[in-house]
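Coordinates in review
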Amino acid sequence: MRRPDIDPVFLAFPHDRVADAALSTARARGATHCDVRVERLRTQTLVVRDHELQTAADTETVGVSVRVIHRGAWGFAAGIDVTAETAAALAARAVEVAETLAPLNTEPVVLADEPAHVDVFVSRYDIDPFTVPDDEKIAFLLALNERALASGLIDHVTSEVNLVVEQKYFASLAGSRITQQRVRVRGDFTAVRIDRASGAFETMGTALPPAGRGWEYFTAGDRFACEAEPIPALLEEKMRSPSVAPGRYDLVLDPTNLWLTIHESIGHSTELDRVLGYEANYAGTSFATLDRLRTLQFGAPAMHVTGDRQAIHGLSTIAYDDEGVAAQTWDIIRDGVLVGYQLDRQMAHKQGFGRSNGCAFADAPQHVPLQRMPNVSLQPSPHDVTLADLIGGVDDGIYIVGDKSWSIDMQRYNFQFTGQRFFRIRGGRLAGQLKDVAYQSTTTTFWNALAALGGPATYVLGGAFNCGKGQPGQIAPVTHGCPVALFRQINVLNTAEEGH
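In this report, we go over the structure that sits alongside the text.

Here is what the cut-offs are and how they apply
- Residues numbered from 1 in each chain as written.
- Predicted model: local features only at pLDDT ≥ 70, side-chain atom pairs only at ≥ 80, totals over all residues.
- Heavy atoms only, no water.
- Phe/Tyr/Trp six-rings, centres within 6.5 Å; stacked < 30°, edge-to-face > 60°.
- Helix = DSSP H or I, 4+ residues; strand = E, 2+ residues; numbered from the N terminus.
- Buried < 20%, exposed > 50% of the residue type's maximum accessible area, 1.4 Å probe, protein only.
- Lys NZ or Arg CZ within 6 Å of the ring centre and 35° of its normal.
- Pairing = 2+ DSSP bridges.
- Contact = heavy atoms within 4.5 Å.
- Axes fitted to C-alpha atoms, helices over the stretch in contact; angles between N-to-C directions.
- Core = buried A, V, L, I, M, F, W, Y, C linked by side-chain atoms within 4.5 Å.
- Disulfide = S-S within 2.5 Å.
- Polar contact = N/O pair within 3.5 Å; in protein donor to acceptor, adjacent residues only side chain to side chain.
- Parallel < 35°, antiparallel > 145°, perpendicular 65-115°, else oblique.
- Left-handed = near helix turned anticlockwise from the far one by under 90°.

**Description of the packing of aromatic side chains**
Applying the stated criterion across every chain yields a total of 17 aromatic pairs. Considering the side-chain rings of Phe140 and Phe224, the 6.0 Å spacing of their centres and the 45° angle between planes classify their relative orientation as tilted. In this pair, Phe140 sits in helix α4 (residues 134-149) while Phe224 sits in helix α6 (residues 223-228), placing the two residues 84 residues apart along the sequence. Judged by relative accessible area, Phe224 falls into the buried class, the value being 0%. Ring centres 5.6 Å apart and planes at 45° place the aromatic pair Phe287 and Phe298 in the tilted group. Note that Phe287 is positioned in the loop between α9 (272-275) and β9 (305-308) and Phe298 in the loop between α9 and β9, a separation of 11 residues in sequence. Like Phe287, the residue Phe298 is buried in the burial classification. One aromatic cluster is present, built from ring pairs that chain together Phe415, Phe417, Tyr439, Phe446, Trp447 and Phe487. The side chain of Lys137 reaches across the aromatic face of Phe130, ending 5.7 Å from its centre.

**Here's the deal with the sheet that holds β9**
Taking strand neighbours across the sheet as the criterion, the four strands line up as β11-β10-β9-β14 in an open arrangement whose pairing is antiparallel. Of all strands in the sheet, those bounded by a partner on one side alone are β11 (337-338) and β14 (375-378). Contacting β9, β10 (329-334) and β14, helix α8 (residues 255-267) runs over the sheet at an angle of about 115° to β14.

**Some words on the nonpolar core**
Proteins that are soluble and globular tend to have nonpolar side chains buried together. Of all hydrophobic cores here, the largest spans 70 residues; its most connected members are Val68, Phe218, Phe224 and Val252. For Val252, the residues in contact, after removing those within four places along its chain, are Leu387, Leu390, Ile391, Val394, Ile398, Tyr399, Ile400, Ile425, Val484, Ala485 and Leu486. One finds Met303, Ile333, Met373 and Ile398 within the second-largest nonpolar core, a separate group that totals 54 residues.

**A word on the state of the cysteines**
Tallied over the entire structure, the rule returns zero disulfides. Residue Cys359 stays outside any disulfide, its sulfur separated by 12 Å from that of Cys467, the closest cysteine. Exposure remark for Cys359: the relative accessible area of 0% places this residue in the buried category.

**What about the side chain of Glu114?**
Residue placement: Glu114 occurs in the loop between α3 (84-101) and β4 (118-122). Looking at Glu114, its side chain comes within polar contact range of the side chain of His117, at 2.8 Å. Only 2.8 Å separates the side chain of Glu114 from the side chain of Arg355, close enough to count as a polar contact. Filtering out sequence-adjacent residues up to four positions away, Glu114 remains in contact with Gly324, Val325, Ala326, Arg345 and Arg355.

**Thoughts on the environment of Thr270**
Considering the arrangement of structural elements, one finds Thr270 in the loop between α8 and α9. For Thr270, a relative accessible area of 0% gives the class buried. Considered as a pair, Thr270 and Ile154 are 116 residues apart in the sequence and their alpha carbons are 42 Å apart. Excluding residues that lie within four positions of it along the chain, Thr270 makes contacts with Ile332, Leu338, Gly340, Tyr341 and Gln342. A polar contact is formed between the side chain of Thr270 and the backbone oxygen of Ile266, at a distance of 2.8 Å.

**Describing the packing of helix α2 (residues 15-28) against α3**
Two numbers describe how α2 lies on α3: the axes approach to 8 Å, and their chain directions differ by 30°. Between α2 and α3, the interaxial angle falls into the category roughly parallel. In this structure, α2 meets α3 at a crossing whose hand is right-handed. Across the interface between the two elements, Arg17, Val18, Ala21, Ala22, Thr25 and Ala26 of α2 pack against Ala84, Ala87, Ala88, Ala91, Ala92 and Val95 of α3.

**With respect to the side chain of Thr444**
Examined against the element boundaries, Thr444 turns out to sit in helix α12 (residues 443-448). Relative accessible area serves as the criterion here: at 13%, Thr444 is assigned to the buried category. Here the side chain of Thr444 touches Tyr413 through a polar contact of 2.9 Å, side chain to side chain. With sequence-adjacent residues up to four places away left out, Thr444 is seen in contact with Phe287, Leu296, Gln297, Phe298 and Tyr413.

Printed below as a string of C-alpha cells:
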C-alpha cells in the first residue's frame with residue numbers, strides 16, 4: 001500500500017505566513033531565538049461494555065505557539081487562531097514574557113547547536129483510523145465482546161480503542177521548516193469473572209501493546225481478536241488458581257510486563273532534568289545522578305539500553321523533536337553501566353554534552369516543550385534464545401505476562417510491579433496459573449539480577465499513551481522495546497495478604 005500523505009486539511013493551513021509573521025516580529029524585538037509550532041491533534045476514544053456502546057468521544061485541538069529567548073530568558077505564548085496576525089501578536093507577547101522574567105533569571109538560557117532542517121515526515125502506517133467509519137469501528141468492538149460473552153466463562157467485558165493523529169509544523173529563526181504527521185493506536189480488552197457464591201472476582205486483559213500504526217494494526221491477521229480469544233478460558237483458570245506463597249523466585253518476565261519496569265526504573269531515572277532536580281512532578285527526581293555517570297553498575301553486563309526516536313512503529317518515533325533536533329539513537333546503559341541521559345537543547349549545552357539527542361516534546365500547541373522520554377529499549381541477546389529456553393532454565397519460578405498496577409518511590413529506586421497473568425514454573429516447565437503476585441526490588445538490585453535475555457525473535461515494543469510529566473501536566477506517548485528476560489531470586493509478595 002502506498003505510504004499516506006500529509007492530511008490536506010492540515011496542509012491548507014497558512015504555515016509559512018504564520019511562521020514568517022512570528023519570526024520577523026521576534027527578530028525585530030531583539031529575540032536571539034524563536035521557534036513556531038502550528039499543530040492539529042485529533043483523538044478518538046470508543047468504549048464498548050458487554051453489548052452496548054458506552055463512550056464515543058472525539059476531540060480536535062488546533063493552535064499556534066511561539067517560544068523565544070530574549071535577554072537570556074524564555075518567553076512563550078500560544079493561541080488558537082492560526083493566522084499571521086495572531087502569530088505576530090504571540091511573538092510580541094512571548095518577548096514581553098521574557099523581558100519580565102529576565103531580571104529573575106540567574107541562568108541565561110543557551111541552546112546546544114543544531115543545524116537547520118527542511119523536511120516532511122509521515123510515520124509508518126497504512127490506514128488512517130479517522131478514515132474508517134465509526135459504525136465499522138464500533139461493530140468491530142461489539143463483535144469482540146459478543147464472542148467473549150458467548151463462551152459462558154465471563155460475566156462482563158469491556159473493549160476499547162484510542163486513536164490519535166498528530167500533525168505539527170515547526171519553523172525557527174535558524175531556518176528550519178519541518179512538517180510532520182504521525183498516527184498511533186491503542187486497543188484494550190478486559191474481561192471480568194465473578195464468583196456468585198463468595199462475591200470474589202478476577203479481571204484479565206489482553207497484553208496487546210499500543211503502536212505507531214494505523215487501523216490495520218487491529219484487523220490485519222485478526223490481531224486484536226486473536227489476543228482477546230483466549231482470555232475467557234485463562235480467566236476461568238485464574239479464578240481456580242492458588243494464591244502465590246510469598247518468597248524469592250526466579251522470574252521470567254514477558255516483554256508485555258517488562259516494558260513498564262523499564263519505563264519506571266530506567267526511563268524516568270535517566271531524564272536529565274529530573275536527575276538535576278529541575279523536574280520532580282509525577283515521578284520525583286532520580287538516584288542516577290551525574291556523579292555516577294560511567295561508574296554506576298546499573299545492571300548486569302548483558303544489559304544494553306538505548307534511547308531513540310527512530311524505532312519503526314515506536315510511539316516516541318518522530319523525525320524531529322519540538323526543538324527541531326533530528327532523530328537519533330544513543331546508548332543509555334552499556335555493559336550494565338550508566339553511560340547516557342535523555343537531553344533537550346538547553347540541558348545538553350548546560351551540562352557539556354554537546355548536541356541534544358532530541359528529547360523535547362509538547363503534547364499540545366498551548367504547552368511549552370518539555371524534556372520527554374524517547375523510545376527507551378532493552379536490547380535482546382544476539383543469540384537465538386527462546387522463551388522456552390529461559391523457562392527451561394528455571395527450577396522454581398514464575399512467568400509473568402502483561403502489565404497492571406505498580407508503585408515506585410520518588411527517586412525511581414524502590415519499586416513494586418504486578419501483571420495480568422502469572423504462571424508457575426517447576427522443573428523448567430509451566431505448571432498452571434497463580435494469582436495475587438507482585439514483585440518487589442530496588443532498581444539496581446533488580447537489574448543486576450538479570451541472568452539471561454531472549455533473542456531477537458522475542459523482542460516486542462510495549463508502551464503507553466499517557467506518560468505524565470510537568471506542571472501544568474502534559475502526557476506523552478512512549479515505547480519501550482525488550483525481549484523476554486530471566487531474573488534470579490526476586491522478592492515476590494502476595495497482594496491479597498498485603499491488603500489485610
